[in-house]
Amino acid sequence: MVELAQQLVNGLTLGSLYALIAVGYTVVYGIIQLINFAHGEIFMVGAFGALSTALLFFRSYVDGGEMLPFWALPVLIVGAVAASVAIAVLMERIAYRPLRNAPRLAPLITAIGISVFLQEAVRLLYGKIPSFPDAKQKVPFPQIEVVSGPAFNWGGVTVQRSTIFTVGALVICAAGLFYFVSRTKTGRAMQAVSQDPDTARLMGINVDRIIVVAFVIGATLAAIAGIAQGLQVTNINFKMGFLAGLKAFTAAVLGGIGNVWGAVIGGLTLGLVEALAVQFIPGTFGGSPWKDVWAFALLILVLVFRPQGLLGAKVVDRA
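Residues numbered from 1 in each chain as written. Predicted model: local features only at pLDDT ≥ 70, side-chain atom pairs only at ≥ 80, totals over all residues. Heavy atoms only, no water.

(A) Here's a closer look at the overall build of the protein chain. From N to C terminus, the protein chain includes 12 helices and four strands. In terms of C-alpha radius of gyration, the protein chain reaches 20 Å, essentially the compact-globule figure of 20 Å for 319 residues. Oriented by its inertia axes, the alpha-carbon framework of the protein chain measures out at about 55 × 50 × 35 Å. Looking at the protein chain as a whole, 48% of its 319 residues are labelled buried. (Helix = DSSP H or I, 4+ residues; strand = E, 2+ residues; numbered from the N terminus. Rg over C-alpha atoms; globule rule 2.2 N^0.38 Å. Buried < 20%, exposed > 50% of the residue type's maximum accessible area, 1.4 Å probe, protein only.)

The structure is reproduced here in structure tokens:
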């Protein structure tokens, strides 16, 4: 029973991380039907943005190997979000907007190209910045008081402090996004654009601005996920966005891509499946080396038997 509870906690942690990234995929797809395969790299840039902020403003703590004070956390979040949003907006403006009316294959290939470009740019350039570490290998991520430190133990179940941060971040972000989309003027404009961009434009909605807002929302959540990842594994690297992005895309499809709540449910489901498969599938096909296999096997099953995702197409399927 303790093992089951432990794996549920592990799955919830992993799933929350996937969900934070998956929302970015689904919001952008819901507005312009673009699968932004570079979104995983926005997550990676967010993690490096937080690291850069720590190196610029809390250098004495980092060099001394000390934990940053808790009040540094919002500063790191601002740095991470600023980096991710800047790259996402540039990406939309320079690469995707000129291809908006092109065949779908063109922006898809462009997204893959941007993904590789961002990985290589961080790998080659980050260490060139004076006093910044070389990013060709794993880079230690600064830890923060209260959020890092000794884990809690409740009845034999270990709960890391970073788990509480990750799950809490997902709850707050999901609630904030729900309020934004359903209660604000811009959120309602997003719904209108997702339904019919041409009619929305005739009604006076600035469609270009709404698309930028969608990229900004996705980048913000991805940046927070980048910090959560850094706090959990204590290091980051330039490749971290590839597999995480692929898993998040799987989560978005699993829940029903284009549906914000589907992305959240898909992420949590995927995380739980991975964690439970690692612990409870016996023999050759069990253990952590097989967790990715089971995750993608789940995706295949869903696509075969319910291609619209778990929540189905009848739910409000666009942000």
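(B) Structural view of empty space enclosed by the protein. Under the counting rule described, the total for this entry stands at one cavity of 30 Å³ or more. Its volume calculated, the largest cavity comes out at about 30 Å³. Contributing to the lining of the largest cavity are V28, N36, H39, I42, A88, F215, G218 and A219. Secondary-structure elements contributing two or more residues to the lining of the largest cavity are α2 (39-57) and α9 (207-233). Of all the elements, α9 adds the most residues to the lining of the largest cavity, at three residues. Taken together, the residues that form the lining of the largest cavity break down as five nonpolar, three polar and no charged. (1 Å grid on protein atoms, 1.4 Å probe; cavity = no way out; pocket = protein on both sides within 12 Å on 5 of 7 lines; lining within 4 Å. Points joined across faces, edges and corners; volume = space filled by probe spheres on them. Nonpolar A, V, L, I, M, F, W, Y, C, P; charged D, E, K, R; others polar.)

(C) Here's a closer look at the packing of aromatic side chains. Scanning the model with the defined rule gives 10 aromatic pairs in all. Among the aromatic residues, those joined into a ring-pair cluster are Y25, F37 and F249. Lying over the aromatic face of F238, R123 brings its terminal NZ or CZ to 5.9 Å of the ring centre. (Phe/Tyr/Trp six-rings, centres within 6.5 Å; stacked < 30°, edge-to-face > 60°. Lys NZ or Arg CZ within 6 Å of the ring centre and 35° of its normal.)

(D) Local environment of unusual backbone geometry. Of note in the backbone geometry, Q33 takes a positive phi value of approximately 55° without being a glycine. Turning to its location among the elements, Q33 is positioned in the loop between α1 (2-32) and α2. The backbone of V146 shows a phi angle near 75°, a positive value even though the residue is not glycine. You can see V146 is positioned in the loop between β1 (139-140) and β2 (152-154).

(E) Looking closely at the pattern of salt bridges. According to the stated counting rule, one finds eight salt bridges in the structure shown. Between R201 and D198 there is a salt bridge, with its nearest N and O atoms 3.4 Å apart. Of this pair, R201 and D198 both sit in helix α8 (residues 197-202), three residues apart, which is roughly one turn of the helix. Measuring nitrogen to oxygen at the nearest pair gives 2.6 Å for the salt bridge that ties D292 to K247. In this pair, D292 is assigned in helix α12 (residues 291-305) and K247 in helix α10 (residues 240-255), connecting sequence segments 45 residues apart. Here D292 falls in the partly exposed class, since its relative accessible area comes to 24%. On the accessibility criterion, K247 (2% relative accessible area) is buried. (Salt bridge = Lys/Arg side-chain N within 4 Å of Asp/Glu carboxyl O.)

(F) Main features of the layout of surface pockets. Considering only enclosed or pocket space, the largest pocket measures out at about 860 Å³ in volume. Lining the largest pocket we find 39 residues, and of these L14, Q229, Q232, V233 and K291 sit closest to its centre. Taken together, the residues of the lining of the largest pocket break down into 15 nonpolar, 17 polar and seven charged. Considering only enclosed or pocket space, the second largest pocket measures out at about 520 Å³ in volume. Taken together, 20 residues line the second largest pocket, and the ones lying closest to its centre are I31, I32, Q33, R100 and N101.

(G) Layout of the nonpolar core. Core analysis: the biggest nonpolar cluster contains 90 residues, and F48, Y96, Y126, M190, I227 and I236 have the highest contact counts within it. For this core, the leading source of residues is α9, giving 16 residues. What I236 contacts, discounting residues up to four positions off in sequence, is A47, F48, L51, Q137, K138, V139, F141 and G230. (Core = buried A, V, L, I, M, F, W, Y, C linked by side-chain atoms within 4.5 Å. Contact = heavy atoms within 4.5 Å.)

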